[in-house]
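Below, each chain spelled out in residue letters.
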Amino acid sequence: MQHFIPKSAAAIAISSLLLVSGGIAWVQSVAAQSSGSGFLIQGVPNREEILRYSLDFGGLVRRLDRYRLNIPAQDVAVAEVQANFDARFDGTVNPEQVRLEVEGEPVDIDEVFWSEEFKSLEVVLEEPVAAGQRMKLVLSRTRNPDRPGFYRIQARVLGTEANPLFRYVGVWVLSIERRSSRGA
C-alpha cells in the first residue's frame, strides 16, 4: 500500500509514528510527477508476513555485508528459493557467495541466478529440502545500497508438487543505515 503526501503535510507525517494495518509505515522522499518533491509512505505487511534476518556487518550504506535471511519451515518440500528485491535496491548480490542452510547445515546448490535488471535471486537446490525444516539464505559479500532506508525482499519457494508454483513465504524488511560519523 502506498500513499502520496503533498509537501505541506510532510512535517506532520514525519513528526509522528504512523501505524498502517498492524505494522509500522516509513516515509521516503520522492519526486512527484509534476508538483515537485513530496513523500511516499509505504505500509509494512502484516506482522505474520515479516521474516527475521540479520546483517553481520551493521547494514551501513555502500559497505559489504553478509545477509542471513531466515525462512520458516514449509508444509511442502522445497526445490528452489527465490528472493525478489525492492526495485530501489541498488546494492549488488554476489551469486558465487550464496548458500542455503537447513537447520544450521549447508545444503548443495545446483545453480544460483542473480538478475541485476529484475533484482531477483533464484537458488536451485540439488536435492529438495524436506517439509518442516527451517532454512536460512546466506548472502555473503553483498554490497548494501547507496542510500539509507528500508528495503523489502520478498521470499518465495518452489515446492515439488506435480504442478509446482512459487509460494509466497513473506518479506524481509532490511534497514540500511547511514555511515556513523563517530569512530570514522
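Residues numbered from 1 in each chain as written. Predicted model: local features only at pLDDT ≥ 70, side-chain atom pairs only at ≥ 80, totals over all residues. Heavy atoms only, no water.

Draft legend 1. Examining the packing of aromatic side chains more closely. Applying the stated criterion to the full structure yields three aromatic pairs. Seen from their ring centres, Phe85 and Trp114 are 5.3 Å apart, and the 85° between their planes marks the pair as edge-to-face. Here Phe85, found in strand S8 (residues 78–85), pairs with Trp114, found in strand S11 (residues 109–115); they are 29 residues apart in sequence, far enough to count as distant. Note on accessibility: Phe85 and Trp114 belong to one class, buried. Ring centres 6.1 Å apart and planes at 85° place the aromatic pair Phe89 and Tyr151 in the edge-to-face group. Here Phe89, found in the loop between S8 and strand S9 (98–102), pairs with Tyr151, found in strand S14 (residues 149–159); they are 62 residues apart in sequence, far enough to count as distant. An aromatic cluster of three or more residues is present, and its members are Phe85, Phe89, Trp114 and Tyr151. (Phe/Tyr/Trp six-rings, centres within 6.5 Å; stacked < 30°, edge-to-face > 60°. Helix = DSSP H or I, 4+ residues; strand = E, 2+ residues; numbered from the N terminus. Buried < 20%, exposed > 50% of the residue type's maximum accessible area, 1.4 Å probe, protein only.)

Draft legend 2. Representation of a negative patch on the surface in the model. Where like charges cluster on the molecular surface, the negative patch consists of Asp108, Asp110, Glu111, Glu126 and Glu127. When residues of the negative patch are traced back to their parent elements, those giving at least two are S11 and strand S12 (120–129). Within the element layout of this structure, Asp110 appears in strand S11. A relative accessible area of 46% places Asp110 in the partly exposed class. (Patch = residues over 30% accessible without salt bridge, like charges linked within 9 Å, V, L, I, M, F, W, Y side chains within 5 Å. Areas by Shrake-Rupley, 256 points an atom, 1.4 Å probe, with all protein chains shown as cover. Salt bridge = Lys/Arg side-chain N within 4 Å of Asp/Glu carboxyl O. Lys, Arg positive; Asp, Glu negative; His and termini not counted. Charge placed at Lys NZ, Arg CZ, Asp CG, Glu CD.)

Draft legend 3. Quick peek at the sheet that holds strand S13 (residues 135–143). Taken together, the five strands give an open sheet; going across it, the order is S6-S7-S13-S9-S10, and neighbouring strands pair in antiparallel fashion. Both edges of this open sheet fall to strand S6 (53–55) and strand S10 (105–106), since each of them pairs with a single strand only. (Pairing = 2+ DSSP bridges.)

Draft legend 4. Region of the structure containing the side chain of Asp86. Position of Asp86 among the secondary structure elements: in the loop between S8 and S9. Owing to a relative accessible area of 13%, Asp86 belongs among the buried residues under this scheme. Side-chain polar atoms of Asp86 contact the backbone nitrogen of Arg88, separated by 2.9 Å. Not counting chain neighbours up to four residues away, the residues in contact with Asp86 comprise Lys119, Phe150, Tyr151 and Arg152. (Polar contact = N/O pair within 3.5 Å; in protein donor to acceptor, adjacent residues only side chain to side chain. Contact = heavy atoms within 4.5 Å.)

Draft legend 5. Region of the structure containing the sheet that holds S8. Read across the sheet, five strands follow the order S11-S12-S8-S14-S15 without closing on themselves; strand pairing throughout is antiparallel. Edge strands, defined here as strands with exactly one partner in the open sheet, are S11 and strand S15 (166–176). Averaged over all pairs of adjacent strands, the angle between their axes in this sheet comes to 15°, without regard to strand direction. When S14 meets S15, the two strands line up antiparallel, connected through ten bridges. Looking at S15, one finds that Ala155 is bridged to Gly170. (Axes fitted to C-alpha atoms, helices over the stretch in contact; angles between N-to-C directions.)

Draft legend 6. Seen up close, the pattern of salt bridges. Enumeration over the complete set of coordinates arrives at nine salt bridges. Note that Arg66 is salt-bridged to Asp56, the shortest N-O span being 2.8 Å. In this pair, Arg66 is assigned in strand S7 (residues 64–71) and Asp56 in the loop between S6 and S7, connecting sequence segments ten residues apart. Two residues, Arg167 and Asp75, come together in a salt bridge whose shortest N-O distance is 3.2 Å. With Arg167 in strand S15 and Asp75 in the loop between S7 and S8, the pair connects residues that are 92 residues apart, well separated along the chain. Owing to a relative accessible area of 30%, Arg167 belongs among the partly exposed residues under this scheme. Taking relative accessible area as the criterion, Asp75 reaches 63% and is therefore assigned exposed.

Draft legend 7. Examining the confidence of the model for the chain more closely. In the predicted model, the chain carries a mean pLDDT of 81, and 73% of its residues have values of at least 70. Low confidence marks residues 1–41, where pLDDT is under 50. Its contacts with residues over four positions away, or in another chain, come to 66 contacts. (pLDDT = per-residue confidence, 0-100.)

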